[in-house]
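# Results of the structural survey
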Amino acid sequence: MPEGDTVHRAASALDRALTGHRLTVSDFRVPAFATVDLTGGTVVRTLARGKHLLTRIDHDRAWTLHTHLKMEGSWHIYATGDKWRRPSPQVRVVLGIEGRSAVGFSLGIVEVVPRQEEASLTAHLGPDLLGPDWDLDKALARLRCQPERPVGQALLDQRNLAGIGNMYMAELCFTSGVHPATAVSRVADLPRLVRRARLMLEANKERAIQSTTGDLRPGERLWVYRRDKSPCRRCGTPILVDMLGEPGLERAAYWCPSCQPVT
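No experiment lies behind these values; they were computed from the predicted model shown. (Residues numbered from 1 in each chain as written. Predicted model: local features only at pLDDT ≥ 70, side-chain atom pairs only at ≥ 80, totals over all residues. Heavy atoms only, no water.)

The subject of this paragraph is the nonpolar core. Where a protein is soluble and globular, its nonpolar side chains tend to be buried together. Of all hydrophobic cores here, the largest spans 39 residues; its most connected members are Leu 155, Leu 161 and Ile 164. Looking at this core, the elements with two or more residues in it are α3 (136-143), α4 (151-156), α5 (166-175), α6 (190-204) and β10 (251-255). If you tally residues by element for this core, the top one is α5, at 7 residues. Ignoring anything within four residues of it in the chain, the contact list for Ile 164 reads Glu 3, Lys 51, Leu 129, Leu 155, Leu 156, Gln 158, Met 169, Leu 172 and Ala 197. If you look at the next biggest cluster of nonpolar residues, it comprises 26 residues, including Ile 57, Trp 63, Trp 75 and Val 112. (Core = buried A, V, L, I, M, F, W, Y, C linked by side-chain atoms within 4.5 Å. Buried < 20%, exposed > 50% of the residue type's maximum accessible area, 1.4 Å probe, protein only. Helix = DSSP H or I, 4+ residues; strand = E, 2+ residues; numbered from the N terminus. Contact = heavy atoms within 4.5 Å.)

What follows is the structure, given as structure tokens:
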């Protein structure tokens, strides 16, 4: 699933490409909104809220296009006449202006709502690590509401703080020396871990290549994520992986058994 920095980067790309322009193409390829036509409307702004994308369009009234990338979604910007890089059956939305188009592929959520309902779409989210509403104290309070919950699960819960996915969860736990199954109440310095989360996302939000090690070379960018059986970059112990989470909601957790002992 795309992480918060990926979603914010997508929002920035859509904002640069479309904001201030009139739509010449409005094509929604999802059954519930297939008849919606916003052609002639003006794109006002696109912004990210956690992992949600909100594109504001003024047409006959103020609308918001709400999209979510989920596991496989992406937005691409194409000049007129360019070949799409993903198959047409994966297209869910096309927004076109003079000279270019924004194409949304395999989007997990697509809905058009009146602007006054926009806030309700993301009201459940905790503070956004990359948003103007970021509030460290509020995020910590939400995390601590369930003190015995495994910290890996708590970090992934967007109701606590918005923007962390599986990759950042694994990397944050490693760089903090915390096993992902450790109870929130037993994390020695939870504020430091959360501050580091914000720093990681900020460092990666402007680049397509994510790195938590500071090394952008292929195979050297991450500490533990998807490196199971590979040697730990710090101590050489093979990285382990296991499923963490409630039944039906399990996520793969990666850790070094030496650097992140179970406590």
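Structure's up, so let's keep going.
Taking burial as the measure, the 7 residues of strand β3 (residues 52-58) include 5 buried ones, the bulk of the element. Sheet topology note: the strand β2 (residues 42-49)/β3 ladder contains 7 bridges and is antiparallel. When the bridges of β3 are listed, Leu 47 appears paired with Leu 54. Where β2 folds back on β3, the antiparallel hairpin that results is connected by 2 residues, among which Gly 50 adopts a positive phi of roughly 60°. In terms of strand pairing, β3 meets strand β4 (residues 62-68) through 7 bridges, oriented antiparallel. Across the sheet, the residue bridging to Arg 56 is Thr 64, located in β4. Counting the residues that bridge the hairpin from β3 to β4 gives 3 residues. (Pairing = 2+ DSSP bridges.)

Turning to its location among the elements, Gln 153 is positioned in helix α4. For Gln 153, a relative accessible area of 15% corresponds to the buried category. When near neighbours in sequence (up to four residues on either side) are disregarded, Gln 153 contacts Leu 244, Gly 245 and Glu 246.

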